[in-house]
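Next come the chains, spelled out residue by residue.
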Amino acid sequence: MDGDSGPSLFPLHRCKILHLVRHAQGIHNVEGDKNYDAYSSPEFFDAHLTPLGWQQVDNLREYVRACGIFKRIDLVITSPLLRTLQTAVGVFGCEDCPNSLDVPPLMVANAGCSDRSAISSLNCPPFIAVELCREEWGFYPCDKRRNITDYQLLFPAIDFSLIENDEDILWKADVKETGEEVAARGMTFMKWLWTRKEKEIAIVTHSGFLFHTLSAFGNDLHPPLKKEFCEPFANCELRSFVIVDRSMTGSDISTTNYPGNIPSGQDHPSDSMDEKNAENKKAPNSEFT
C-alpha cells in the first residue's frame, strides 16, 4: 500500500527492530555548542564523555530496563570512538563487575577519563564495534579514533574483529565526507544488518551519521512522518524503528508463523460441510425402506 493510503502490513520475519542511540554529551559538544569552530581543536581528539554525559547514560540505562527494551535486545552495535563505546557499555552493560569471575569486563575502571567503576559483560547481549556507523570522516579531531589495540585494553569484552586496520586510515585532516557520502555509507550499513541473524538491535552512533542516513528513508511517507526521520538527535536520545526487507535478500524462516492443518488430514471449509449435511438430510434413511 502507498504511504498515504492508510495502514499497511508486512511479514514479521522480514523485519528488524532497530533502537538508534546518539552518544551522550562529549567534551567536544560543550565547547562546540558555544562556538562551532571549537570542534577543530586537537584537544578534543576522540572526545570522551563529560560528567553530564555519564548522567545521561545512567538515565537512559534506567529507561531501557524499565520499558523492557534491554531484555529484548539481541545485539549492541557501536561506533569505534570513545564516546560511543562509553555510551554503549554504560547503557547496555551490567553495573557490577565481580572480581571473582573470570569474565572480561565491557569497560575497565576509569576508562577514558570516566572516573567510573568497571562495567561487567555478564548477562548482557554481545557487543561489536563497526566502522560503517562512525561519524563523518575527516577534518575534526574529535571524529578521529585511536588504535584498535588501545580500545581493546579499555573495552576487553567488545568484539573489534570486524575492523580491519589498527590505525585510523579513514580519517583525513584535510578531507571531510560529504552528506551524500555519509548517506551512502549508512545505506551500506543498513544492508549489512540484513546479513545478521539478530532481530532486535541497539546501535550507538553519532548525530551526523544518523541525520544523513535517516534522511535517505521515508520519501514515500506523509511530510510529518518524513520529518521524524530527519529531526536531529539530542545527546543520548533513543528512537526505535522497524526496517523491512522488501527485496527478500535477507529473508529467513519465520520463528512465529504456525502452518496449520496439524495433524495432517483433509480440512473441509465450513460452507462445504454445510452443503454435505444438507445432502444427508435429503437422502432416505435405509433403516425404514
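The sections below set out a description of the structure shown in this document. (Residues numbered from 1 in each chain as written. Predicted model: local features only at pLDDT ≥ 70, side-chain atom pairs only at ≥ 80, totals over all residues. Heavy atoms only, no water.)

1. Observations concerning the nonpolar core
Heads up, the rule is: Definition of nonpolar core: a set of buried residues of the types Ala, Val, Leu, Ile, Met, Phe, Trp, Tyr and Cys, connected through side-chain atoms within 4.5 Å. Exposure classes here rest on a 1.4 Å probe applied to the protein chains alone. A residue is buried below 20% of its type maximum, exposed above 50%, and partly exposed in between. A run of H or I in DSSP counts as a helix once it spans at least four residues, and a run of E counts as a strand once it spans at least two, with each numbered from the N terminus. Whether two residues are in contact is decided by their heavy atoms: any pair within 4.5 Å suffices.
Among the nonpolar cores identified, the biggest contains 36 residues, and Phe92, Phe127, Phe155, Ile158 and Phe160 are the most heavily contacted of them. When residues of this core are traced back to their parent elements, those giving at least two are helix H2 (51-66), helix H3 (69-72), helix H4 (82-92), strand E3 (127-129), helix H5 (148-154) and strand E4 (200-205). Examining the composition of this core, we find that six residues originate from one element, H4, more than from any other. Among residues more than four places away in sequence, those in contact with Ile158 are Leu85, Val89, Leu106, Phe127, Ile128 and Ala129. Residues Leu193, Ile201, Ile203 and Ile243 belong to the second largest nonpolar core, which totals 21 residues.

2. Some details on the pattern of salt bridges
Heads up, the condition is: Criterion for a salt bridge: a side-chain nitrogen of Lys or Arg within 4 Å of a carboxyl oxygen of Asp or Glu.
In the structure shown here, the tally under the stated rule is 12 salt bridges. Asp46 serves as the salt-bridge partner of Arg146, at 2.6 Å between the closest nitrogen and oxygen. Of this pair, Arg146 sits in the loop between E3 and H5 while Asp46 sits in the loop between helix H1 (27-34) and H2; the two residues are 100 residues apart in sequence, bridging distant segments of the chain. Residue Arg146 is classed as partly exposed on the basis of its relative accessible area, which comes to 26%. When the shortest N-O distance is used, the salt bridge between Glu131 and Arg134 registers 3.0 Å. One salt-bridge network, held together by shared partners, links Glu131, Arg134, Arg145 and Asp168.

3. Some thoughts on helix H6 (residues 179-193)
Applicable threshold: By definition here, a helix of n residues has an expected span of 1.5 Å times n minus one. Of all possible arcs, the one meant is that of the directions from the helix axis to the C-beta atoms.
Helix length check: H6, at 15 residues, gives a terminal C-alpha distance of 21 Å against a target of 21 Å (1.5 Å per residue), a fit within 8%. Residues of H6 that are buried: Val182, Ala183, Arg185, Gly186, Phe189, Met190 and Leu193. Buried residues of H6, viewed axially, fall in a sector of 160°; they line one side. The exposed set on the far side of H6, more than 90 degrees from its buried face, consists of Glu180 and Lys191. Where H6 is buried, its residues contact strand E1 (15-22), strand E2 (75-78), E4, helix H7 (207-215) and strand E5 (238-244).

4. Observations concerning the sheet that holds E1
For the record, the criterion: Strand pairing is assigned whenever DSSP identifies at least 2 bridges connecting the two strands. Orientation is described by lines fitted to C-alpha atoms, with helices fitted over the stretch in contact, and by angles between N-to-C directions that extend from 0 to 180 degrees.
Pairing in this open sheet of five strands is mixed, and the strands run E3-E2-E4-E1-E5 from one edge to the other. Edge positions in the sheet fall to E3 and E5, since each has one partner strand and no second. Neighbour-to-neighbour, the strand axes of the sheet open up by a mean angle of 25°, direction not taken into account. Bridge analysis of E2 against E3 gives three bridges, and the strand direction is parallel. Directly across from Val76, in E3, lies its bridge partner Phe127. Its contacts with the sheet put H4 on E1, E2, E3 and E4, and the angle it makes with E4 is roughly 140°. Across the sheet, H7 is in contact with E1, E4 and E5; its angle to E1 comes to roughly 140°.

5. Here we look at the packing of aromatic side chains
How we decide: Whether two aromatic rings pair depends on their centres lying within 6.5 Å, for rings of Phe, Tyr and Trp, where Trp uses its six-membered ring; planes under 30 degrees apart make the pair stacked, over 60 edge-to-face, and the rest tilted.
All told, the structure shown has seven aromatic pairs when counted by the stated rule. Ring centres of Tyr151 and Phe160 lie 6.2 Å apart, and the angle between their planes is 10°; on these two criteria the pair is classed as stacked. Relative accessible area serves as the criterion here: at 4%, Phe160 is assigned to the buried category. Members of the aromatic cluster, joined through ring pairs, are Tyr36, Tyr39, Phe139 and Tyr140.

6. Considering the environment of Ala234
Here Ala234 lies in the loop between helix H8 (223-230) and E5. Taking C-alpha positions, Ala234 is 8.7 Å from His23, a pair spaced 211 residues apart along the chain.

7. Considerations on empty space enclosed by the protein
What counts, and what does not: Of the grid points, spaced at 1 Å and generated over the protein atoms alone, those admitting a 1.4 Å probe that cannot get out make up cavities, while open sets with protein on both sides within 12 Å along at least five of seven lines make up pockets; any residue with an atom within 4 Å of a point is treated as lining. Grid points are joined across faces, edges and corners, and a volume is the space filled by probe spheres set on the points. Three residue categories are used. Nonpolar comprises Ala, Val, Leu, Ile, Met, Phe, Trp, Tyr, Cys and Pro, charged comprises Asp, Glu, Lys and Arg, and polar comprises the others, including Gly.
A complete count under the given rule lists one cavity of 30 Å³ or more for this structure. The computed volume of the largest cavity comes to approximately 40 Å³. Surrounding the largest cavity, Leu20, Phe189, Met190, Ile203, Thr205, Phe209, Leu210, Thr213 and Leu214 form its lining. When contributions to the lining of the largest cavity are tallied by element, the ones reaching two or more residues are H6, E4 and H7. For the lining of the largest cavity, the leading source of residues is H7, giving four residues. A breakdown of the residues in the lining of the largest cavity according to their chemical character gives seven nonpolar, two polar and no charged.

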